[in-house]
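# An overview of the molecular structure
This is what each chain is made of:
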Amino acid sequence: MCGIVGYMGKSNAKEILLNGLKELEYRGYDSAGIAILQQDTLHTFKAVGKLENLESKIKDFEVSSGFCIGIGHTRWATHGKPTEANAHPHTAEFSNVVHNGIIENYQEIKEELIILGHHFLSQTDTEVIVHLFEENLKKLDPQEAFYATINRIKGAYAILLVSKIAPNKIFYAKNGSPLIIAKGSGGIYFASSDSPLVGLASQVVYLEDGDMGVMDIEGFDLLKNIQNFSVNKTLAQKDGFRYFMEKEIYEQHSVLLETIMGRVSENGVIFDEIDQSFFLGIRSITLCACGTSYHAGMVGKYLLERLAKIRVNVVIASEFRYGGFVSQEDELFISISQSGETADTLEALKLAKEYNQKSLAICNVDNSSIVRLSDCAILTRVGLEKGVASTKAFASQVLVLWMLAVYMGRTYGHLDEREAKLQSSDMLSAIRATKVESKFHERIKRLSKRYLHGHGFFFIGRDVFYPLALEGALKLKEISYLHAEGYPSGEMKHGPIALADSNLFTIALLSEHLLYDKMQSNIAELSARDATICVIGSKECESADDMIIIPQAKSYMEEFFSMMLGLQLLSLEVAIRLGNDVDMPRNLAKSVTVE
Ligand code: F6R
């Protein structure tokens, strides 16, 4: 997904912008560019592909000492192919712009500007911004011209614009796409997320939708809602692991302790951040999310219905937005999102709010759009997740939903104190189960070589292990590019089993605590069709070709977290053997801020 950086000050703008863009690489991109305005000259550089391409284009450009300003961008194509012409910054005669989001009415503006004599070089929606700004300058001063431009465009945007007409200023606007302004000893910084600011900024302002302005070197202190910024740089590093995804798998057992800190004790579950009265009178819940977060929501449905006896509807945000929305009274709308910026989930939340539903966010990023818009939020607290394929965020979402189920079960009187205490102790065991033992990882690494060349994968499970099967299949396809589908085991005979043969790999999640015999029979059905079967479970299974043995567990949720670890490591090792870039899989982006 697109990323934005900006800088004004006396440090080396070229280095600051390039380093900032590197910190945004994990979001996924197909081209990049920067513009530097110094001594009344605007220097623009763009390149398709990796940032190294941009770096080699800029290597001979020297930034002169003294004050200068600059903007930079990583682009993930939406309007127009990933070409150099379509890369940002976009230029008109004497101004440059970078933009995240979508300008919905760009066609009509473009047509008007063409009639007025403007020449467009790209197929993007973004280019209209800079031309409209220069057109408006014919009648207005720079600030008015920028505001008139922003007021004319419709859609979602985070925008930075620089112009020779105002050589010491950066024009900015935000609506529906994140944008941060920060200050540090080296000057003023802009970014679309925290990571480029780590190590540079000491204070930040997370802009609100509708914010726009013109920043100069004195301007930061005049902003509202200035906060201290203390994100730790080491959290954003790989710590010696081959990939961020691997590091994130390994750190699950420690970050999940953060998730429960102050919330889970031997007495049960509490959420200090939410007033207990918030949950009173709620009769049903909609869980809304996309992708991996949606799978966590599906697990949440089993847990909430089982432990809190409350009816739960789980919806994919992009479907919910355009389906017939029947708003129930006394319904709680819970959005689940790692980034807190996913466009579909955000828009679904806005819709629920229009219908006056109570809203709760389960999110990893404080100050994100989804958190800010929700009535209240439970943060998952697992830190920056850099791997595009979500791992620790998924684990923490499931854990929070489990906590919520116990909490609501107690609130509604469906769980007694003894049961709640038992659940708390099961949570601690489940977290312990996510510690990666080297023998376990080694076994999966060796096994992975047998699973590289089939004609596809089935992942099967029942109950909570069904959404886990979906998640296992999603992880594998995201980073290995192998075809994989998740199914509820009982559904196999209703169609999918037609695909079974020895080149079809099945990963079966065999719980000892839930529906063991039923699952055994489903595995035997596939084995009888000669499918190659790898069972993940704590007991040997006769029909299996391979086993990934997990430790014996006290509860099915402990098994869930052990199996999750096995699935994550299996995807990782298969993808590494296939030579793929695990952290930046093709066609994917970390934060999907467009529809
Ligand atoms: C898959 C993955 C995606 C996200 C989805 C929603 O590994 O990460 O499927 O889960 O794009 O993102 P968030 O949770 O940020 O709303």
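Report follows, based on the coordinates. Worth saying up front: this structure is predicted, and the values here are computed from it rather than measured.

Cut-offs used in this document
- Residues numbered from 1 in each chain as written.
- Predicted model: local features only at pLDDT ≥ 70, side-chain atom pairs only at ≥ 80, totals over all residues.
- Heavy atoms only, no water.
- Pairing = 2+ DSSP bridges.
- Helix = DSSP H or I, 4+ residues; strand = E, 2+ residues; numbered from the N terminus.
- Axes fitted to C-alpha atoms, helices over the stretch in contact; angles between N-to-C directions.
- Contact = heavy atoms within 4.5 Å.
- Buried < 20%, exposed > 50% of the residue type's maximum accessible area, 1.4 Å probe, protein only.
- Near = heavy atom within 4 Å.
- Polar contact = N/O pair within 3.5 Å; in protein donor to acceptor, adjacent residues only side chain to side chain.
- Areas by Shrake-Rupley, 256 points an atom, 1.4 Å probe, with all protein chains shown as cover.
- Nonpolar A, V, L, I, M, F, W, Y, C, P; charged D, E, K, R; others polar.
- Core = buried A, V, L, I, M, F, W, Y, C linked by side-chain atoms within 4.5 Å.
- Domains from an automatic or database assignment.
- Phe/Tyr/Trp six-rings, centres within 6.5 Å; stacked < 30°, edge-to-face > 60°.
- Lys NZ or Arg CZ within 6 Å of the ring centre and 35° of its normal.
- Parallel < 35°, antiparallel > 145°, perpendicular 65-115°, else oblique.
- Left-handed = near helix turned anticlockwise from the far one by under 90°.
- Salt bridge = Lys/Arg side-chain N within 4 Å of Asp/Glu carboxyl O.

The next thing to look at is the sheet that holds strand 16 (residues 284-289). Spatial ordering of the open sheet is given by 17-16-18-19-20, a layout of five strands whose pairing is parallel. Of all strands in the sheet, those with a lone pairing partner are strand 17 (311-316) and strand 20 (376-379), marking the two edges. Each strand axis lies, on average, 20° off the axis of its neighbour in the sheet, ignoring direction. With six bridges joining them, strand 18 (residues 331-337) and strand 19 (residues 358-363) adopt parallel strand pairing. Across the sheet, the residue bridging to isoleucine 334 is leucine 360, located in strand 19. Across the face of the sheet, helix 8 (residues 291-307) comes into contact with strand 16, strand 17 and strand 18 while running at roughly 170° to strand 17. Each of strand 16, strand 18, strand 19 and strand 20 touches helix 12 (residues 392-411); the most contacted strand, strand 18, lies at about 160° to it.

Along the chain, the position of isoleucine 16 falls in helix 1 (residues 13-24). Taking the relative accessible area as the measure of exposure, isoleucine 16 reaches 14% and is therefore buried. The sequence separation of isoleucine 16 and glycine 72 amounts to 56 residues, and the corresponding C-alpha distance is 9.8 Å. Residues within four places of isoleucine 16 in sequence aside, it is in contact with Tyr7, Ser11, Tyr189 and Leu200.

Time to look at the site of the ligand. Ser293, Ser337, Gln338, Ser339 and Thr342 are the nearest of the 13 residues found near the ligand. Within the side chain of serine 339, one N or O atom sits 2.7 Å away from an oxygen atom of the ligand. Here an oxygen atom of the ligand sits 3.5 Å away from a polar atom, N or O, in the main chain of valine 388. Bound to the protein, the ligand loses 89% of the 410 Å² it would expose on its own. Where the shell around the ligand is concerned, the elements lending two or more residues are helix 8 and helix 15 (465-480). Of the residues forming the shell around the ligand, the biggest block, three residues, is contributed by helix 8. Residues that form the shell around the ligand fall into these classes: three nonpolar, eight polar and two charged.

In terms of burial, strand 2 (residues 31-38) is largely enclosed, as eight of its eight residues are buried. Residue alternation in strand 2 divides its side chains into two sets, Ser31, Gly33, Ala35 and Leu37 and Ala32, Ile34, Ile36 and Gln38, and both sets are buried. Joining the antiparallel neighbours strand 2 and strand 3 (residues 41-48) is a turn of two residues, in which glutamine 39 adopts a positive phi near 45°. Pairing of strand 2 with strand 4 (residues 68-75) involves seven bridges; the strand directions are antiparallel. Residue pairing for strand 4: leucine 37 is matched across the bridge by isoleucine 69.

Quick look at the nonpolar core now. Counting 92 residues, the largest nonpolar core has Ile285, Trp402, Phe560 and Phe561 as the members making the most contacts within it. Residues lining this core come from more than one domain, with at least three contributed by each of domain 2 (245-432) and domain 3 (437-577). With sequence-adjacent residues up to four places away left out, phenylalanine 561 is seen in contact with Leu256, Ala395, Val398, Leu399, Trp402, Ala430 and Thr434. Counting residues in each nonpolar core, the second largest holds 30 residues, with Val5, Leu54, Ile58 and Phe61 among its members.

Looking now at the packing of aromatic side chains. The full count for this structure, using the stated rule, is 21 aromatic pairs. On the basis of an interplanar angle of 75° and a centroid distance of 6.4 Å, the ring pair of phenylalanine 133 and phenylalanine 146 is categorised as edge-to-face. Separated by 13 residues along the polypeptide, phenylalanine 133 in helix 4 (residues 127-136) and phenylalanine 146 in helix 5 (residues 142-152) bring together distant segments of the chain. A relative accessible area of 0% means that phenylalanine 133 is categorised as buried. Positioned above the aromatic ring of tyrosine 516 is the side chain of lysine 539, whose terminal nitrogen or guanidinium carbon lies 4.5 Å from the ring centre. Over the aromatic face of tyrosine 481 sits the side chain of arginine 586, whose NZ or CZ is 3.9 Å from the ring centroid.

Turning our eyes to something else, we now look at the packing of helix 8 against helix 12. At a closest axis distance of 9 Å, the pairing of helix 8 and helix 12 adopts a crossing angle of 20°. Considered as vectors, helix 8 and helix 12 are oriented roughly parallel to each other. At the point where helix 8 passes helix 12, the crossing takes the right-handed sense. Contacts between helix 8 and helix 12 involve Thr292, Ser293, His295, Ala296, Gly297, Val299, Gly300, Leu303, Leu304 and Leu307 on the former and, on the latter, Phe394, Gln397, Val398, Leu401, Trp402, Leu404, Ala405, Val406, Met408 and Gly409. Its residues assigned to classes, the contact of helix 8 with helix 12 comprises 13 nonpolar, seven polar and no charged.

Bringing the pattern of salt bridges into the picture now. Tallying each qualifying case throughout the model produces 29 salt bridges. Between lysine 350 and glutamate 347 there is a salt bridge, with its nearest N and O atoms 3.1 Å apart. With lysine 350 and glutamate 347 both in helix 10 (residues 343-354) and three residues apart, the pair spans about one turn of that helix. Its relative accessible area of 28% is what places lysine 350 among the partly exposed residues. Residue glutamate 442 pairs with lysine 445 through a salt bridge whose shortest N-O separation is 3.5 Å. Linking glutamate 442 with lysine 445, this pair stays in helix 14 (residues 438-447), spanning three residues, or about one helical turn.

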